Every structure is written in C-alpha cells, then in structure tokens.
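# A closer look at the structure
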Amino acid sequence: MIKLTDAIRQHPTQAFLTFLVLHAVVWTVLPALFFINLPLDLIEGLVYGREWQLGYDKLPPLPWWMLEATYRLFGPDLFFYALSQLTVLATFALIWVMARQLVGPVGALVAILIIDGMHYFTFTASKFNHDVVQLPFWAITGFAYWAALRGGRTVHWALLGLGIGMAVWAKYFVVVLVLPLVLFGLFDRDARQSLATPGPWIAVAVALVVMAPHLVWLMQNDFLPFTYADARAVQFKGGMDYLAKPSRFALSQLLFMLPSLLIAAPYLRRDVRGPETAIKSGVEVLANAFDRRIVALLTFGPAAMTVLLSLETGRGAVALWGYPLWLFLGLWIVLNARPLERVTLWRIGFLWGVIFIGTAAVFVIEYDISQRFRLHYTAVVYPGKQLGAEMSRRYRELTGQPLAYVIGTMWLSGNIAHYAPEQPRVLIDGSPARAPWIDLDDLRARGAVVVWVAGDPDVLPPVFRAVAGDAQVQPVVTLPLHIGAGVTQVGWALLRPRPVPRDGAEK
C-alpha cells in the first residue's frame with residue numbers, strides 16, 4: 001500500500017483524474033441500474049423544462065433547462081444521472097484548481113477525498129435538481145473571490161460576477177454565500193483595499209448583467225417563486241423554536257459531515273512520526289494568513305449566515321440546504337492540519353475507499369433490497385413507463401388522435417408526460433395559474449386526459465372541474481408496482497377534442 005501512496009504522491013494529477021472517472025462511473029451506473037422510474041425532482045424538472053420559461057412558480061429555471069436539453073440531445077434516463085455527476089465533477093475540478101495553489105496537488109486531492117464523504121456528492125446527487133446544479137457556481141464563486149482578492153486581476157473579478165449571476169439562475173440560496181463575501185470585503189483589513197479598485201464594481205456589473213433576464217421576470221411576476229420559498233421555511237411558533245430549529249439544522253450538518261471527518265481523522269493521529277514514515281507526501285502549504293482567512297470564510301461563513309438568517313427571520317432552515325455549504329471544508333482541514341505523511345495519506349485513502357464502497361452499498365440496499373419489504377412504494381419503483389404507454393393507447397383508441405395534453409398532479413401527469421410516446425404537455429394541478437404557458441383553447445381543441453389517485457376513482461375531483469368539467473370518467477387503470485409492492489389504481493377521465501372552426505364557433 002505504501003507503493004500506491006508513493007504513486008499518488010508522484011502522480012497526483014493522474015490520481016485525481018482517476019478518482020473523477022471512478023466517482024462518475026459508479027454514481028451514474030448505480031441510479032441507472034436501480035431507479036426503475038425517474039425520481040420526482042427529475043419528473044418535475046422535465047415538466048417545467050420543456051416550456052423554456054424565464055421563470056416558474058417554484059424556483060429558478062436553470063436545472064430544468066439543463067434536463068430538457070439533456071433529454072433532447074441524448075434521450076435515455078441514464079444521461080440525467082450522468083448530467084448530475086458531470087456537475088459534481090465540475091465542482092471538484094474547480095476546488096482542485098484553487099486548492100493546488102494553496103496546498104499543492106497532493107493536498108488538493110486529499111481535500112477532495114474528504115468532502116467526497118458527504119452524501120451531497122454521491123447518494124443524493126443522483127436526483128439532479130437545484131441543490132446539485134448550484135454546486136459548481138458556488139465553487140467558481142469561491143475560487144474567483146479568493147483569486148480576485150489575492151491577485152486583483154480583472155478576469156477574476158469578472159469570473160466572480162459570472163459565478164454569482166449564474167448561481168441566481170440555479171437557486172436563490174446563493175444569498176447566504178454573497179452576504180459573507182460582502183461583509184468580509186468590508187471588514188477584513190486586507191480585503192478592504194480592493195474597494196478602492198474597479199474590481200468589485202466589475203463583479204457587481206457582470207453579476208447584474210447575467211441575472212438581469214430572470215430579475216426582470218421576477219419583478220414582472222411579483223417575485224412569485226418566493227412564495228414557494230416562504231412555504232418551505234416554516235415560521236417559528238414559539239420562543240423555544242429560536243433555539244431548537246437552528247440547533248437542529250446545525251446538528252444535521254454535523255451528522256452529514258461525519259463521514260468526511262472520519263476520512264480526515266488520520267490527521268489527528270500522533271503515532272506516525274517514526275523515521276520511516278516521516279517523509280512528506282508532496283503537500284506544499286503555500287498559503288499565508290490572508291489565504292487562510294478567505295478559506296475559513298468560504299468554509300464556515302455561508303453556514304453561519306444560514307443560521308443567522310433563520311434567527312433573524314424566525315423561519316426554519318431545511319437540512320438539505322446544506323449541499324453547497326461545505327465545498328471548502330476539505331481545503332480548510334488540509335490547510336490547518338499537520339504535515340501529510342506517507343502513512344497518513346494511506347490511511348486517508350483507505351478510509352475514503354471504505355466510505356465510498358459503504359455508501360454505494362447503502363444505495364443498493366435503499367433502492368433495491370429494502371423496496372421489497374416496504375408497504376408503500378417509492379417514486380423510483382413507480383410504473384411510469386407503463387402508465388404513460390397505457391394512457392396514450394387508451395386516448396388513441398377513444399379519439400383516434402395522439403395525446404397532446406394531460407391534466408393532473410405534478411407527479412402523476414409528469415410521468416405520463418415523460419413516458420408517453422407523444423410526450424403531452426401538462427396543465428399542472430388543473431391550474432392555469434401554475435402553467436400559464438398552456439393555451440386553454442388549444443387544450444380544448446386537441447383534448448386531454450385527466451388523471452388522479454386521491455379520492456374516488458370513479459368521480460372527477462372538484463379541483464379539475466373548472467377546466468375539464470365535461471370530461472368523461474373512464475374505467476380505472478390498474479398497474480402493478482415494481483418489486484412486488486402491490487398495485488396502483490389511477491382514475492382518469494377523457495376530455496374529448498373539440499375542434500374550433502375558422503369562424504370561431506364550436507362544432
């Protein structure tokens with residue numbers, strides 16, 4: 001194993017590239033093998049993305065555009081999981097570029113191995129969504145901020161603005177990163193000098209230009225997505241919540257970090273100082289005190305700001321908001337740990353391997369073995385392909401036309417929209433307000449299916465009657481769930497096409 005350690009020390013860049021390939025292959029193949037159906041986030045993203053809007057009622061549009069583009073370019077579901085891993089790999093590469101300038105290539109590799117222990121980059125990253133897509137933009141923002149403050153080059157200030165601007169298109173959560181950066185620039189004695197240069201204003205200008213189309217859309221639509229964000233961050237109900245809720249968020253982040261801290265644990269050992277192991281593994285700590293302050297800010301500033309904003313607004317923080325918070329944790333540990341020796345490097349690599357394999361094993365247990373014993377199905381074993389094919393077949397048999405529209409909940413109608421051969425458009429929840437891009441006249445002219453699972457399958461739910469009150473209820477669709485999880489029954493109704501003649505009068 002010492003020979004392997006020496007090989008890594010001598011060829012750290014090749015070792016890093018090997019890690020990237022291994023990471024991408026494993027975490028692309030696993031969901032492709034065990035996700036029989038697309039997860040909810042991907043189904044939702046495809047419903048929204050195909051409409052190519054500048055904004056939607058929930059979140060910014062970037063990840064949904066990326067999903068739609070991936071589908072149009074490549075097709076099979078496998079490529080959605082590959083897209084997620086390419087996003088993670090881009091994040092790792094950006095951190096690597098920064099870290100190798102501070103701790104050398106071996107230290108940069110160790111920094112990446114440490115953060116790879118968190119499920120944000122492995123287990124849950126397979127469900128490509130806003131949390132995943134923001135990762136590289138946070139990484140590029142952190143790198144550019146450090147490079148701009150240290151070198152003052154215009155290109156880095158412009159890159160900082162680009163990173164922040166694109167992060168807004170990804171998820172509004174970037175505010176907890178931007179606020180600490182601004183405060184650091186105002187109060188740190190070395191960072192404050194940059195305010196006398198054009199650099200910060202270049203960053204602001206670039207950021208505003210990049211995010212401008214979405215900002216205009218937000219203003220035109222009364223900042224509609226913030227209503228969704230407001231619902232997600234639950235209001236505190238009493239004084240104890242001000243202590244309990246932020247503490248719970250902080251504890252959740254600590255628990256998520258435990259595998260990473262375990263990988264880093266060999267740094268704390270003091271029994272590897274013998275002469276035969278005292279040879280350094282190529283880590284060059286090139287950082288000065290200013291660099292260390294910037295890295296500490298990037299590591300802990302956003303998390304601290306999340307807790308402070310939770311206290312200030314009286315609203316809880318969601319545990320999974322932690323995706324981008326710890327990107328620089330590995331670099332901070334390497335910067336502040338004792339020198340990395342041969343045995344320490346070997347132990348870090350070994351622990352990373354154990355956790356990497358263990359996480360993959362847990363994934364298989366969660367999405368294959370445990371599914372066979374659950375009383376209720378999960379999204380990834382839903383028979384979406386069969387439902388889409390069946391609704392398409394029945395609609396064609398009854399109307400002689402291809403299925404153009406489906407009315408129903410995001411999950412149910414989204415599965416039909418993705419898996420039906422015609423890929424019909426979706427009137428989400430039967431609400432024109434949720435899907436203003438849908439032309440109701442065209443929907444009535446071309447017809448639709450209305451689908452539901454809640455309530456009586458033989459009675460059209462009241463929520464759909466405003467747009468499809470004359471839909472004809474049809475015999476229930478019964479489909480077997482995968483992996484022996486029983487069956488699902490889907491109520492549905494046929495909204496027959498009603499072509500409108502050129503004179504505007506209905507037939």
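Numbering of residues starts from 1 in every chain and runs along the sequence as written. With the structure being a predicted model, the display of local features is reserved for residues of pLDDT at least 70 and the display and counting of side-chain atom pairs for 80 or more, all residues being used for whole-chain, interface and lining totals. Remark: hydrogens and water are excluded; side-chain values derive from all non-hydrogen atoms of the structure.

### Notes on the packing of helix α3 (residues 40–49) against helix α4 (residues 62–74)
The relative placement of two packed helices comes down to the angle between their axes together with the axis-to-axis distance. For the record, the criterion: Here, axes are lines fitted to C-alpha atoms. For helices the fit covers the stretch in contact, and angles between N-to-C directions go from 0 to 180 degrees. Elements are defined by DSSP. Helices are runs of H or I of four residues or more, strands are runs of E of two residues or more, and each kind is numbered from the N terminus. Our angle categories are set so that under 35 degrees counts as roughly parallel, over 145 as roughly antiparallel, 65 to 115 as roughly perpendicular, and the remainder as oblique. Contact criterion: two residues are considered in contact whenever any of their non-hydrogen atoms come within 4.5 Å of each other. Lys, Arg, Asp and Glu make up the charged group, whereas Ala, Val, Leu, Ile, Met, Phe, Trp, Tyr, Cys and Pro make up the nonpolar group; the residues left over, Gly among them, are polar.
Running from amino to carboxyl end, α3 crosses α4 at an angle of 85 degrees, the nearest separation of the two axes being 8 Å. One way to sum up the angle between α3 and α4 is to call them roughly perpendicular. Listed contacts from α4 to Asp 41, Leu 42, Glu 44, Gly 45, Leu 46, Tyr 48 and Gly 49 of α3 are Trp 64, Trp 65, Leu 67, Glu 68 and Tyr 71. Looking at the contact of α3 with α4 residue by residue, the classes come out as 7 nonpolar, 2 polar and 3 charged.

### A closer look at the pattern of salt bridges
Inclusion rule: The salt bridge criterion pairs a side-chain nitrogen of Lys or Arg with a carboxyl oxygen of Asp or Glu, the two atoms within 4 Å. Exposure is judged per residue with a 1.4 Å probe applied to protein chains only, and the accessible area is read against the type maximum: over 50% gives exposed, under 20% gives buried, and values in between give partly exposed.
A full pass over the atoms with the stated rule returns 17 salt bridges. Salt-bridge contacts for Asp 188 lead to Arg 293; the nearest nitrogen and oxygen are separated by 2.7 Å. Placement of the pair is Asp 188 in the loop between α9 (175–187) and α10 (199–220) and Arg 293 in helix α13 (residues 289–313), with a sequence separation of 105 residues. Looking at Asp 188, the relative accessible area reads 9%, which means it is buried. Across the salt bridge formed by Arg 434 and Asp 429, the nearest N and O atoms sit 2.9 Å from each other. Under the relative-accessibility criterion, Arg 434 is labelled partly exposed at 22%. Residue classification places Asp 429 among the partly exposed residues on the basis of a relative accessible area of 25%. Among the charged side chains, a network of salt bridges with common partners joins Glu 390, Arg 393, Arg 394 and Glu 397.

### Some words on α4
Rules: Each residue after the first adds 1.5 Å to the expected span of a helix.
In this model, α4 (13 residues) spans 18 Å end to end at C-alpha, consistent with the 18 Å of a helix rising 1.5 Å per residue. Among the residues making up α4, those that are buried are Leu 62, Pro 63, Trp 64, Trp 65, Leu 67, Glu 68 and Thr 70. Residues of α4 that are buried make contact with α3, α5 (78–115), α6 (130–133), α7 (135–151) and α8 (154–170). Two residues or fewer past α4, Gly 75 is found with a positive phi of approximately 95 degrees.

### A closer look at the packing of helix α12 (residues 241–264) against α13
Where we set the bar: In this scheme the crossing of two helices becomes right-handed for a clockwise turn of the near helix relative to the far one and left-handed for an anticlockwise turn of less than a right angle.
One can describe the packing of α12 onto α13 by two numbers: an axis separation of 10 Å at closest approach and a directional angle of 160 degrees. It follows that α12 is roughly antiparallel to α13 by the angle criterion. As α12 packs across α13, the resulting crossing turns out to be right-handed. Only Thr 306, Val 307, Ser 310 and Leu 311 of α13 make contact with α12, whose side of the interface consists of Tyr 242, Pro 246 and Phe 249. When its residues are assigned to classes, the contact of α12 with α13 shows 5 nonpolar, 2 polar and no charged.

### What about the pairing of strand β1 (residues 405–408)?
We apply this condition: Strands were regarded as paired on the criterion that DSSP finds at least two bridges between them. By convention a crossover is right-handed if, when the strands point away from the viewer, the path from the first strand over the helix to the second runs clockwise.
Alternating positions in β1 separate into two faces, Tyr 405 and Ile 407 on one and Val 406 and Gly 408 on the other, with burial throughout. In this structure, β1 lies alongside strand β2 (residues 425–428), joined through 4 bridges in parallel fashion. Of the residues in β2, the one forming a bridge with Gly 408 is Ile 428. As for the winding sense of the linkage, the β-α-β connection from β1 through helix α17 (residues 410–419) to β2 is right-handed.

### Re the confidence of the model for the protein
Rules: Residue-level confidence of the predictor is what pLDDT reports, using numbers from 0 through 100.
On average, the protein scores 91 in pLDDT, and the residues at 70 or more come to 94%. Residue range residues 272–281 is modelled with pLDDT below 50. Its contacts to residues more than four positions away, or to other chains, number 23 contacts.

### Some remarks on unusual backbone geometry
With a phi close to 50 degrees, Gln 423 is a non-glycine residue in the positive phi region. In the Ramachandran plot, Asp 429 falls in the positive-phi region, its phi being about 60 degrees despite a non-glycine side chain.

### Things to note about the packing of aromatic side chains
Convention followed: Stacked, tilted and edge-to-face pairs are distinguished by plane angle, under 30 degrees for stacked and over 60 for edge-to-face with tilted covering the rest, among Phe, Tyr and Trp rings (Trp via its six-membered ring) whose centres lie within 6.5 Å. The criterion is that NZ of a Lys, or CZ of an Arg, lies within 6 Å of the ring centre and within 35 degrees of the ring normal, and then a charge sits over that ring.
One pass over the structure, following the stated rule, counts 36 aromatic pairs. Judged by centre distance (5.4 Å) and plane angle (55 degrees), the rings of Phe 92 and Phe 121 are tilted. Of this pair, Phe 92 sits in helix α5 while Phe 121 sits in the loop between α5 and α6; the two residues are 29 residues apart in sequence, bridging distant segments of the chain. Phe 92 sits in the buried class, given a relative accessible area of 0%. On the basis of relative accessibility, which here comes to 0%, the residue Phe 121 falls in the buried class. A cation over an aromatic ring shows up here: Lys 171 above the ring of Phe 173, its NZ or CZ 6.0 Å from the ring centre.

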